[in-house]
There are 2 protein chains.
Amino acid sequence: MEPGDSTKQARAAAQLRKGVLEYCVLALMRDRPRYGVELLHALEDSGALATSQGTVYPLLSRLRRDDLVTTTWQESASGPPRRYYALTDSGRAALDEFTRVWPGFRNAVDAFLATPHPSTGDLA
Amino acid sequence: MEPGDSTKQARAAAQLRKGVLEYCVLALMRDRPRYGVELLHALEDSGALATSQGTVYPLLSRLRRDDLVTTTWQESASGPPRRYYALTDSGRAALDEFTRVWPGFRNAVDAFLATPHPSTGDLA
DNA sequence: CCTGGTTCCATGCGATGCAAGATACCTGGT
DNA sequence: ACCAGGTATCTTGCATCGCATGGAACCAGG
């Protein structure tokens, strides 16, 4: 996906990311603290959720503002210090919430796409 | 889900809807033309994608503006006339695009949520 | 000193969902 | 004729979010 890509497919994928990215980032921190570029690379590797720094850093700022993550600076062997992001209790709760909500949402979309007649309610 | 609901769960679901609603509405028109309130009820029935008129009508306006749907007025036996929305070729193409993109996206999110270690790339 | 790689962050724009309100049509009761 | 209630459409203003762009700081090597 090149930067200047503005095809319909890219547009659909872009809209799709909205709101989900936040929780995928939280999920990445579930095991251990991560730093910005690390998260960026993990999202890139996933393919469908690849994004840019201009998206991740404001997102991380919001997470910190809402007390979903805490941060600690840590020296790096090769490069400037890294700011590591770790889940707070609120952050873990939010992630759990999302994990509960997601399957229902996913199945609903699957139903709309799969079924020829996703049931308007009537059958007459 | 009450109107004034602002719990974390509702917030997560709201963010989730972004970008997906458009294509679910298109999917609902796949078989036959539908009118606003009909679409609204179908979304309500799905549970996870329930929304309000203030969301659906601007969305339908955008779809019409982008030539993804065409509309025709039709009398109703009980009530004011209804504006029926039908897919255009572009609309059907957009729906197909989304149908192609969605599984990859869905699986990516599933992977992030399910796996304890969604692979930062390293395995050492 | 200067180039290049790594890491962080802020600004401005466009798009989207939503609450709230406004308008119009039809039916039925008084 | 009048009014209330349900059906159906649409608009306005707000908050949020993803993203392109640009900038700043730190380290290593030539």
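In this text the structure is predicted, and so the values were computed from the model without any measurement.

Draft legend 1. Structural view of the overall build of chain A. Scanning chain A for helices and strands turns up 5 helices and 3 strands. Of the regular secondary structure in chain A, the N- to C-terminal order runs α-α-β-α-α-β-β-α. Expressed as a percentage of the 124 residues in chain A, the buried residues total 42%. Split by element, the accessible area of chain A, about 6,600 Å² in all, is 50% carbon and sulfur.

Draft legend 2. Summary view of the layout of surface pockets. Computed from the structure, the largest pocket encloses a volume of approximately 290 Å³. For the lining of the largest pocket, the secondary-structure elements that each account for two or more residues are α1 (8–17) of chain A together with α1 (8–17), α2 (20–28) and α4 (53–65) of chain B. Element by element, the count of residues in the lining of the largest pocket is highest for α4(B), at 5 residues. The class makeup of the residues in the lining of the largest pocket is 5 nonpolar, 3 polar and 8 charged. Volume-wise, the second largest pocket comes out at about 220 Å³. Considering the residues around the second largest pocket, the lining is formed by 11 residues, among which A:Arg17, A:Lys18, A:Gly19, A:Leu21 and A:Arg62 are closest to the centre. Sorting the residues of the lining of the second largest pocket by element identifies α2 (20–28) and α4 (53–65) of chain A together with α1 of chain B as the ones contributing at least two each. The dominant element in the lining of the second largest pocket, judged by the number of residues it contributes, is α4(A), at 3 residues. For the lining of the second largest pocket, the residue count by class is 2 nonpolar, 3 polar and 6 charged.

Draft legend 3. Broad picture of the protein's contact with DNA strand C. Near DNA strand C, the surroundings consist of 29 residues, among which A:Tyr57, A:Arg83, A:Tyr85, B:Arg17 and B:Thr51 are the closest. Of what DNA strand C places within 4 Å of the protein, 68% of the atoms are sugar or phosphate. In this structure, B:Thr55 approaches DNA strand C through a side-chain N or O atom, which is 3.0 Å from a phosphate oxygen. Between DNA strand C and B:Arg62 there is a distance of 2.9 Å, counted from a phosphate oxygen to a side-chain nitrogen or oxygen. When residues of the surface near DNA strand C are traced back to their parent elements, those giving at least two are α1, α3 (36–46), α4 and β3 (82–87) of chain A together with α2 and α4 of chain B. Counting residues per element, the surface near DNA strand C draws most heavily on α4(A), at 4 residues. Residues belonging to the surface near DNA strand C are distributed by class as follows: 10 nonpolar, 11 polar and 8 charged.

Draft legend 4. Inspection of the packing of α2(B) against α4(B) at higher detail. Residues and elements named next belong to chain B. Direction vectors running N to C along α2 and α4 enclose 75°, while the axes themselves pass 11 Å from each other. With respect to each other, α2 and α4 are oriented roughly perpendicular. Seen from α2, the contacting residues are Leu21, Glu22, Val25 and Leu26; seen from α4, they are Thr55, Leu59, Leu60 and Leu63. Looking at the contact of α2 with α4, its residues break down into 6 nonpolar, 1 polar and 1 charged.

Draft legend 5. Up close: the confidence of the model for chain A. Residues and elements named next belong to chain A. The share of residues in chain A with pLDDT of 70 or more is 81%, and the mean pLDDT across the chain is 84. When mean pLDDT is compared element by element in chain A, β3 scores highest at 95, while α1 scores lowest at 69. Per-residue pLDDT stays below 50 along residues 1–6; that stretch engages in 1 contact with residues further than four places along the chain or on separate chains. Confidence over residues 118–124 falls short of pLDDT 50; this stretch has 9 contacts with residues more than four positions distant or in other chains.

So, how was this worked out
- Residues numbered from 1 in each chain as written.
- Chains lettered and ligands numbered in written order.
- Predicted model: local features only at pLDDT ≥ 70, side-chain atom pairs only at ≥ 80, totals over all residues.
- Heavy atoms only, no water.
- Helix = DSSP H or I, 4+ residues; strand = E, 2+ residues; numbered from the N terminus.
- Buried < 20%, exposed > 50% of the residue type's maximum accessible area, 1.4 Å probe, protein only.
- Areas by Shrake-Rupley, 256 points an atom, 1.4 Å probe, with all protein chains shown as cover.
- 1 Å grid on protein atoms, 1.4 Å probe; cavity = no way out; pocket = protein on both sides within 12 Å on 5 of 7 lines; lining within 4 Å.
- Points joined across faces, edges and corners; volume = space filled by probe spheres on them.
- Nonpolar A, V, L, I, M, F, W, Y, C, P; charged D, E, K, R; others polar.
- Near = heavy atom within 4 Å.
- Polar contact = N/O pair within 3.5 Å; in protein donor to acceptor, adjacent residues only side chain to side chain.
- Axes fitted to C-alpha atoms, helices over the stretch in contact; angles between N-to-C directions.
- Parallel < 35°, antiparallel > 145°, perpendicular 65-115°, else oblique.
- Contact = heavy atoms within 4.5 Å.
- pLDDT = per-residue confidence, 0-100.

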